[in-house]
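Observations on the model geometry
Next come the chains, spelled out residue by residue.
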Amino acid sequence: MSAPVNRTRPYQSYVYAYPHKTAYRPLPDRPSLRELWSAERKDALSLYLHIPFCEVRCGFCNLFTRIGAPDELSTRYLDALDRQATAVRDALGDRDPVRFAAAAFGGGTPTFLTAGELDRLCDIAEKRTGVDLRAVPLSVETSPATATADRLAVLADRGATRLSIGIQSFDDQEARAAVRPQRRADVESALSRIRDARIPVLNIDLIYGIEGQTARSWRRSLDAALAWEPEELYLYPLYVRPLTGLGRRAAGSNQAWDAQRLELYRTGRDHLLTEGYEQVSMRMFRRTGAPAQGADDHACQTDGMIGLGCGARSYTSALHYSFDYAVDMHQVRSIIDDYTATEDFGRAEVGRRIDESEARRRHLLQSLLQAEGMEVEGYRQRFGHHPAHDFGAELERFASLGWLDETAAPDRLRLSAEGLAHSDALGPELFSPAVRAAMAAYEPK
Ligand code: SF4
């Protein structure tokens, strides 16, 4: 049975992948990648390369990343990536066709790497895994300070189709309050360089719920972003998590903060809808007519994922795996050091098995959190039942809260506008008891 969700707490957690990494555990049998991938389809894989370095640590960030890369660490890291990519491609074998449908460089900040290192990163991806970066959608994350003309030129030349930049706020004071010190003038020059690089899709990330942010200042940030006519915008509610720079926010303000975030969410959503954007999910908005990018849409339920780098996850149909995960700076450093010293990348070390019941949850979760919702027939064909057979109590509850769109066609299970607004409460309610218990038992480090 699901744990009750308090309606007044709409911001519980962001479900961008299920199960969350905090539900992963060391795998005692250390299964070989060759075995894990032997029976998988490999003709439409996603490739993800993770670069765990940033020039500063943003106050809200709980991603796996460290500040800077001293003593040639980036070179050692790329050397290890090269070894890992070689081992993984070897494990995929040549019996079945191995093809990639999408690629992404994420982090951290991939453009923390120099132009020469980015070129090497692309070489590692292409020469070791066989992906043709110019033939698939290639998405790369960047930051204002590292989006330099020489790095952007390399990325454009190697086939980047989407550049995603974390701006968070165009207001210098709000940026400081989120512990991401940056100057508006530097942000504008970075955007200008990105547009000059002519990478087809620009995504801008903004955050709402920052201390001192008002409906007006939020509108000003949205308009400053819209001036660049980005093909995509992600609007993130601010979260304050353990071990991050903002982790000591004053207690007792939760209700007012929830109300502020909900109001700013609605302001942002309504503004973008009137400015010619369509809503793809609670966070994502795409300019009408802009090309979809595949890998970042989280809509694909079945394709395998090859993650390279020490913060990357890989997915087969039966196992999600990665390396150890941490947020605390010392722990992150030691995990990266271990990664760069690794010679044998042929086994999965940390992960979580996905049985059929977890696969059903994942399918429902990741489809339902998209604005277009889920095609019921696709679910039935894959799992043999109507979703109401497997998740009757949960769906009834969502309906009673007004979170399901009752005007949707019978073959479509779709959230209402309120349901989408409450995605971060609804998603966690679909976690299995086992995953919830593992996440609760995880000790942040
Ligand atoms: S939010 Fe992005 S840029 Fe900031 S520390 Fe985290 S990964 Fe780095």
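Once a new chain begins, its residue numbering starts again from 1 and follows that chain's sequence as written. Predicted model: local features are reported for residues with pLDDT of at least 70 only, side-chain atom pairs are reported and counted for 80 or more only, and whole-chain, interface and lining totals are derived from all residues.

**A word on the overall build of the protein chain**
Filter applied, for reference: Note on conventions: DSSP H or I runs of at least 4 residues are helices, E runs of at least 2 residues are strands, and numbering of each starts at the N terminus. Radius of gyration here uses only the C-alpha atoms, and the compact-globule reference equals 2.2 Å multiplied by the residue count raised to the power 0.38. Any residue whose C-beta has 12 or fewer other C-beta atoms within 10 Å is treated as exposed, any with 20 or more as buried, and any in between as partly exposed, C-beta atoms being built from the backbone. Whether two residues are in contact depends on their C-beta atoms, placed from the backbone: they are in contact if these lie within 7 Å.
When helices and strands are tallied, the protein chain shows 15 helices and 17 strands. For 445 residues, the compact-globule estimate of 2.2 N^0.38 gives 22 Å, and the C-alpha radius of gyration of the protein chain, at 21 Å, lies within 12% of that figure. Each principal axis of the C-alpha distribution contributes one length, and for the protein chain these read about 55 × 55 × 45 Å. Burial status across the protein chain gives 44% buried among its 445 residues. In the protein chain, of all internal contacts separated by at least 6 residues, the share reaching a separation of at least 24 is 79%.

**What about the site of the ligand?**
Quick note on the threshold: Any residue whose backbone-placed C-beta atom lies within 6 Å of a molecule or strand is treated as near that molecule or strand. Charged residues are taken to be Asp, Glu, Lys and Arg, nonpolar residues to be Ala, Val, Leu, Ile, Met, Phe, Trp, Tyr, Cys and Pro, and polar residues to be all remaining types, Gly included.
Around the ligand, the surrounding shell consists of Cys54, Arg57, Cys58, Cys61, Leu63, Thr65, Gly107, Gly108, Thr109, Ser143 and Gly166. Per-class residue counts for the shell around the ligand are four nonpolar, six polar and one charged.

**Observations concerning the domain arrangement of the protein chain**
Here is the rule we go by: Reported domain spans reflect what an automatic or database domain assignment gives.
Here the protein chain is described as being made up of domain 1 (1-19 + 355-445) and domain 2 (23-287). Domain 1 and domain 2 are separated by 25 Å when their C-alpha centres are compared. The interface of domain 1 with domain 2 comprises 16 residues on the first partner and 15 residues on the second. Those elements that provide at least two residues to the side of domain 1 that touches domain 2 are α13 (417-421) and α15 (433-441). Ranked by residue count, the leading element in the side of domain 1 that touches domain 2 is α15, at three residues. Taken together, the residues that form the side of domain 1 that touches domain 2 break down as 12 nonpolar, three polar and one charged.

**What about the environment of His50?**
In this fold, His50 is placed in strand β2 (residues 45-51). What makes His50 buried here is the crowd of 24 C-beta atoms within 10 Å. As a C-alpha pair, His50 and Phe105 span 55 residues in sequence and 5.9 Å in three-dimensional space. Setting aside residues up to four positions removed in sequence, His50 forms contacts with Gly106, Gly107, Gly108, Gly307, Leu308, Gly309, Cys310, Gly311 and Ala312.

**Quick word on the nonpolar core**
Quick note on the threshold: Take the buried Ala, Val, Leu, Ile, Met, Phe, Trp, Tyr and Cys residues, join any whose C-beta atoms are within 7 Å, and the set you get is a nonpolar core.
In terms of nonpolar packing, the biggest core is built from 109 residues, with Leu47, Leu49, Ala103, Leu121, Ala125 and Ile194 touching the most fellow members. Considering every element that reaches this core, the biggest residue donor is helix α2 (residues 73-92), with seven residues. Mapped onto the domain boundaries, this core takes at least three residues apiece from domain 1 (1-19 + 355-445) and domain 2 (23-287). Leu49 has contacts with Leu81, Phe105, Leu121, Ala125, Leu308, Gly309 and Ala312, leaving out every residue within four places of it along the chain.

**Some details on the packing of α2 against helix α3 (residues 115-129)**
We apply this condition: Convention adopted: a line fitted to C-alpha atoms gives each axis, helices being fitted over their contacting stretch, and angles between N-to-C directions are expressed from 0 to 180 degrees. Angle categories: roughly parallel below 35 degrees, roughly antiparallel above 145, roughly perpendicular from 65 to 115, and oblique for all the rest. Each crossing is labelled by how the near helix is turned from the far one, with a counterclockwise turn of less than a right angle marking it left-handed and a clockwise turn marking it right-handed.
α3 packs onto α2 with a crossing angle of 10 degrees between their chain directions and a minimal axis gap of 9 Å. With respect to their mutual orientation, α2 and α3 come out roughly parallel. Relative to α3, α2 is oriented so that their crossing is right-handed. Residue-level inspection shows Ser74, Leu78, Leu81, Asp82, Ala85, Thr86 and Arg89 of α2 in contact with α3, the latter providing Glu117, Arg120, Leu121, Ile124, Arg128 and Thr129. Residue classes in the contact of α2 with α3 are distributed as five nonpolar, three polar and five charged.

**Some points on the pairing of strand β9 (residues 232-237)**
For a regular strand, side-chain orientation follows a simple rule: the groups alternate between the two sheet faces. Formally: Pairing between strands is defined by DSSP: at least two bridges between them are needed. By definition, the crossover connecting two strands over a helix is right-handed if that path, from the first strand to the second, turns clockwise as seen with the strands pointing away from the viewer.
As paired strands, strand β8 (residues 201-208) and β9 are joined by six bridges and run parallel to one another. Bridge pairing in β9 links Tyr208 to Pro237. In terms of handedness, the path from β8 via helix α7 (residues 215-226) over to β9 forms a crossover that is right-handed.

**A word on unusual backbone geometry**
Omega for the peptide link from Tyr18 to Pro19 comes to -5 degrees, which places this bond in the cis form. In this structure, the amide linkage connecting Gly107 to the following residue, Gly108, adopts the cis form with an omega of 15 degrees. Position of Gly108 among the secondary structure elements: in the loop between β5 (100-107) and α3. Here Glu72, not a glycine, exhibits a phi torsion of approximately 60 degrees, which is positive. Mapped onto the elements, Glu72 comes out in the loop between β4 (66-67) and α2. According to the C-beta neighbour criterion, Glu72 is exposed, with 9 such atoms within 10 Å. Even without glycine at this site, Glu229 takes up a positive phi of about 45 degrees. With respect to the helices, strands and loops of the structure, Glu229 is situated in the loop between α7 and β9.

**Side note on the pairing of β5**
Taken across its eight residues, β5 has seven buried, putting it largely inside the fold. Direction of pairing for β2 relative to β5: parallel, over a ladder of seven bridges. Bridge assignment links Ile51 to a residue of β5, and that residue is Gly107. Of the strand pairs in this sheet, β5 and strand β6 (residues 138-142) are connected by three bridges, and their pairing is parallel.

**Digging into the confidence of the model for the protein chain**
Reading predicted coordinates in detail is not appropriate for stretches of low pLDDT. We apply this condition: What pLDDT conveys is the predictor's confidence in a given residue, as a value from 0 to 100.
The share of residues in the protein chain with pLDDT of 70 or more is 93%, and the mean pLDDT across the chain is 91. Contacts from residues 1-6, a stretch scored under 50 in pLDDT, to residues over four places away or in other chains number six contacts. Confidence drops under pLDDT 50 across residues 295-301; counting only partners more than four residues distant or on other chains, this segment forms 16 contacts.

**Some thoughts on the environment of Gly346**
Here Gly346 is to be found in the loop between α9 (329-341) and β15 (350-353). Once the C-alpha coordinates of Gly346 and Thr86 are considered, the two residues, 260 residues apart in sequence, prove to be 9.6 Å apart. Residues contacting Gly346, with those up to four places away along its chain left out, are Ser32, Leu33, Ala87 and Ala91.

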